[in-house]
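As a plain string of letters, each chain reads:
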2 protein chains.
Amino acid sequence: MPESKILIIGGGPAGLEAARSISDIGYSAVIVEKRDSLGGTPNEANYAKLTHHFKDAGEVFDEIVRNVTESPNIEVMTGSEVESYEGQAGSFKVTVKTGGKTQVVEAGSIIVATGFQHFDPARETQYYNYYSYPDVITIADLEGMLKSGNLVRPSNGKAPEKVAFIQCVGSRDRQIGNEFCSKVCCGISSKQAIEVREMLPDSKVMIFYIDMRMYGYWENEIYWPAQEKHKVNYVKGIVSEILQKGDRLLMRGEDTTMGRPMEVEMDLVVLAVGMEPSAGTRAMSQTLGIDQNKYGFIAAGGTSGVDPVATSVPGIFVAGAAAGPADLDDSFTMGGLAAARAVAAMRRVMA
Amino acid sequence: MPESKILIIGGGPAGLEAARSISDIGYSAVIVEKRDSLGGTPNEANYAKLTHHFKDAGEVFDEIVRNVTESPNIEVMTGSEVESYEGQAGSFKVTVKTGGKTQVVEAGSIIVATGFQHFDPARETQYYNYYSYPDVITIADLEGMLKSGNLVRPSNGKAPEKVAFIQCVGSRDRQIGNEFCSKVCCGISSKQAIEVREMLPDSKVMIFYIDMRMYGYWENEIYWPAQEKHKVNYVKGIVSEILQKGDRLLMRGEDTTMGRPMEVEMDLVVLAVGMEPSAGTRAMSQTLGIDQNKYGFIAAGGTSGVDPVATSVPGIFVAGAAAGPADLDDSFTMGGLAAARAVAAMRRVMA
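Because the structure is predicted, anything quoted here is derived from the model rather than measured.

### With respect to the nonpolar core
Membership of the largest hydrophobic core comes to 250 residues, with the highest contact counts inside it found for A:Leu7 and B:Leu7. In this structure, B:Leu7 is in contact with B:Val30, B:Val32, B:Val82, B:Val94, B:Val96, B:Val105, B:Ala107, B:Ser109, B:Ile110 and B:Ile111, ignoring residues within four places of it in sequence.

### Description of the sheet that holds strand 14 (residues 268-273) of chain A
All names here are of chain A. Within the open sheet, the 7 strands sit side by side as 8-14-9-10-11-12-13. Their pairing is mixed. Edge positions in the sheet fall to strand 8 (136-138) and strand 13 (260-266), since each of these pairs with one other strand and no more. Each strand of the sheet is rotated relative to its neighbour by a mean of 35°, with strand direction disregarded. Judged from the 7 bridges that link them, strand 12 (residues 248-255) and strand 13 form a sheet pairing that is antiparallel. Within the sheet, the bridge partner assigned to Leu-250 lies in strand 13 and is Glu-265. Across the face of the sheet, helix 5 (residues 185-199) comes into contact with strand 9 (162-169), strand 10 (204-209), strand 11 (233-245) and strand 14 while running at roughly 170° to strand 9.

### Structural notes on the packing of aromatic side chains
Residues and elements named next belong to chain A. Taken as a whole and judged by the stated rule, the model has 23 aromatic pairs over all chains. With a centroid separation of 4.8 Å and an interplanar angle of 85°, the aromatic rings of Tyr-130 and Tyr-131 are classed as edge-to-face. Here Phe-180 and Phe-297 contribute two aromatic rings whose centre-to-centre distance is 5.6 Å and whose plane-to-plane angle is 75°, an arrangement assigned as edge-to-face. Separated by 117 residues along the polypeptide, Phe-180 in the loop between strand 9 and helix 5 and Phe-297 in the loop between helix 7 (279-288) and strand 16 (316-318) bring together distant segments of the chain. Here Phe-180 matches Phe-297 in class, with each residue buried.

### As for helix 1 (residues 13-24) of chain B
All names here are of chain B. Taking 1.5 Å per residue as the helical rise, helix 1 with its 12 residues ought to reach 16 Å, and the 16 Å between its terminal C-alpha atoms agrees with that figure. Of all the 12 residues making up helix 1, 11 are buried; the element is thus mostly covered by neighbouring parts of the structure. If you check which residues of helix 1 are buried, you get Pro-13, Ala-14, Gly-15, Leu-16, Glu-17, Ala-18, Ala-19, Arg-20, Ser-21, Ile-22 and Ser-23. Once helix 1 ends, the next one or two residues include Gly-26, with phi positive near 100°.

### As for the packing of helix 1 (residues 13-24) of chain A against helix 8 (residues 328-350) of chain B
Contact pair helix 1 of chain A / helix 8 of chain B: the axes reach a minimum separation of 8 Å and the direction vectors enclose 40°. Accordingly, the angle class assigned to the pair helix 1 of chain A and helix 8 of chain B is oblique. Handedness of the helix 1 of chain A/helix 8 of chain B crossing: left-handed. On helix 8 of chain B, the residues that touch A:Glu17, A:Arg20, A:Ser21 and A:Asp24 of helix 1 of chain A are B:Leu337, B:Ala340, B:Arg341, B:Ala344, B:Arg347 and B:Arg348. Classifying every residue of the contact of helix 1 of chain A with helix 8 of chain B by side-chain character gives 3 nonpolar, 1 polar and 6 charged.

### Quick word on the pairing of strand 6 (residues 101-112) of chain B
All names here are of chain B. The sheet contact formed by strand 1 (residues 5-9) and strand 6 spans 5 bridges and is parallel. Of the residues in strand 6, the one forming a bridge with Ile-6 is Ser-109. Looking at chain direction, strand 5 (residues 92-98) and strand 6 are connected through 7 bridges and run antiparallel. Paired with Lys-97 across the bridge in strand 6 is Thr-102. In this structure, strand 6 lies alongside strand 16 (residues 316-318), joined through 3 bridges in parallel fashion. The partner of Val-112 across the bridge, within strand 16, is Val-318.

### A few points about helix 3 (residues 57-70) of chain B
Residue and element names in this part refer to chain B. With 14 residues, helix 3 extends 20 Å between its outermost C-alpha atoms, agreeing within 8% with the 20 Å of an ideal straight helix rising 1.5 Å per residue. Taken together, the buried positions of helix 3 are Ala-57, Gly-58, Val-60, Phe-61, Ile-64, Val-65 and Val-68. Down the axis of helix 3, the sector holding all buried residues measures 160°, keeping them to one side. Counted as exposed and oriented over 90 degrees from the buried face of helix 3: Glu-59, Asp-62 and Glu-70. Buried residues belonging to helix 3 abut helix 1, strand 2 (28-32), helix 2 (40-44), strand 3 (74-77), helix 4 (139-148) and helix 8.

### Considering unusual backbone geometry
Here the residue pair A:Thr51 and A:His52 is connected by a cis peptide bond, since its omega of 5° sits within 30 degrees of zero. Residue B:Asn46 is not a glycine yet carries a positive backbone phi of 55°. Position of B:Asn46 relative to the elements: it lies in the loop between helix 2 and helix 3. On the basis of relative accessible area, B:Asn46 is assigned to the partly exposed category, the value being 38%. Not every positive phi belongs to a glycine, and B:Lys183 is a case in point at roughly 75°. Locating B:Lys183 in the fold gives a position in the loop between strand 9 (162-169) and helix 5 (185-199).

### Some thoughts on the pattern of salt bridges
Any two side chains of opposite charge can pair, given that their charged atoms come close. Residue and element names in this part refer to chain A. If you walk through the whole model with that rule in mind, you get 44 salt bridges over all chains. Asp-211 is the salt-bridge partner of Arg-172, the closest N and O atoms lying 3.0 Å from each other. Of this pair, Arg-172 sits in the loop between strand 9 and helix 5 while Asp-211 sits in the loop between strand 10 and helix 6 (218-228); the two residues are 39 residues apart in sequence, bridging distant segments of the chain. The class of Arg-172 is buried, set by a relative accessible area of 13%.

What counts and what doesn't
Residues numbered from 1 in each chain as written. Chains lettered and ligands numbered in written order. Predicted model: local features only at pLDDT ≥ 70, side-chain atom pairs only at ≥ 80, totals over all residues. Heavy atoms only, no water. Core = buried A, V, L, I, M, F, W, Y, C linked by side-chain atoms within 4.5 Å. Buried < 20%, exposed > 50% of the residue type's maximum accessible area, 1.4 Å probe, protein only. Contact = heavy atoms within 4.5 Å. Pairing = 2+ DSSP bridges. Helix = DSSP H or I, 4+ residues; strand = E, 2+ residues; numbered from the N terminus. Axes fitted to C-alpha atoms, helices over the stretch in contact; angles between N-to-C directions. Phe/Tyr/Trp six-rings, centres within 6.5 Å; stacked < 30°, edge-to-face > 60°. Expected span 1.5 Å × (residues − 1). Parallel < 35°, antiparallel > 145°, perpendicular 65-115°, else oblique. Left-handed = near helix turned anticlockwise from the far one by under 90°. Nonpolar A, V, L, I, M, F, W, Y, C, P; charged D, E, K, R; others polar. Arc of directions from axis to C-beta. Salt bridge = Lys/Arg side-chain N within 4 Å of Asp/Glu carboxyl O.

Now the structure itself:
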């Protein structure tokens, strides 16, 4: 077995799966994670249940993290960042900073799994007033509430009677420059709508959308039950602004199916914020000298143009949402393919 | 290196990628393919350009097939089917029939990559008359025409002036029992609409849809250019029947955005047929004794519930559209993860 190992930047779903796969096929990996613990955004953002499986996120990620930390083939460096590198496929020398100290890690190949960050509603082009109205929250905020079991209006601590989700906040939006679709927000919102209805059976829940992108099994596993079993009300419409009215929120917009203006009062409005490249994804693209696409995600494709995990630099691969909007299945499967490619690249040079 | 190898059933995108990954990480694979050549449905159905990259499908798959056939670690058995198996993870004995002869292949693990088949419009619940009207075709039929460069109305051999796509034929349809969304048809139809407009610049092209599911980069790479650059006309509407009117087709239905009945005449109507489990996927589920979901696809999830390539039997994995609607990226990445899992399962038993 070769001495050399594979360096993985990022300890979220894609990075963890890549590490696990590398270890399982008999090679060694080192994970460099900026945060103080593994689990990535699902962990940091307190995901409650997973889309689409409704499995407990904590349990699922605890198991994966345990697999990784218990493996003798995987070294984990938390609180650490890649500062620079030199060399090429088969013999990278990567300078990693932990606390104030730096060390050089030798790696046969590199996997970038630095993920995404939620779109910041401060940049929204509509007038949703996320930073002004406490009862305007994001799907990330709601996920934390669902996890804690304490679902209330931040303004008064009471359970909301009427809850609305607004889709495509920071996605499919040319003014902001995010023309892409963030892929997962329709499914996450619908999953959360079901959970809200289960937790607060007297609540009314509406989802305002452009297109409901419930691809594959999300359609039958989430979208149909949301409507039929849980009585979530889907409205094809555009919300143009949110105003305070007494102690409620007034949503103004257009019901595009009915073709008429719309005004509805809500207790809690949830913004389905999309995905943007994380600070780490932007930084690592620069540090490693790999191409980004126009949105700042890492450009995948490689020489064939169709390799989902190849970057512009041989021996450096990408997995998960660092390459663009990705669901959990995407992150796991890209992690697996990146692991295979990374081992292959290292073996090729050493052969 | 262990003597044992991994048996892959199916030589389409997922199976080819799995084989390539296994070979690249230093293990051996044997592909059992029922057809006489590799490449799966993209090859058999004469895919022209790939969704979403617009790369030439022939070139892309020629390269992947070449990688596989040139690898000394991969054996390819075409015209062959798995008849039965015995044993367990680490020591499967699989009986493969080629022509009239059978042989037993020893395999450490098994990957099922038996793919999908296009929904047969004979089972549609609307009245689209695919089998009666020559100018009603499917996206698979159109793909072949685009590949041959001969885009005409089958009824008279002339170029169509007005072309309509109808989405969700055989998908999102409870009457048929296919409640799921087939994930790729919106993107493929939009890609084809662009190609039709490029090939026949005077044509008018419309797409009738429920929701346009252009997730991730499909939104900016296909959907926006289709509308803005290529002037494809998207109509949120339901087509209830197609009738012959003179030498044209009369489409009747409802424009759900405008909220009014709709009648439009077309020269060519393209049914965006969805995905169903292939005969091979159904047969292999039975032969191998692995769980199917209610649609006949192979149930994935494994013990964690969230493993995209684990089946109900240890040592047997699934990749690509055999597990449900999948795009090309899904097939490649699942192929990679399944390769890692299959090698790991084999190593674990041999350790």
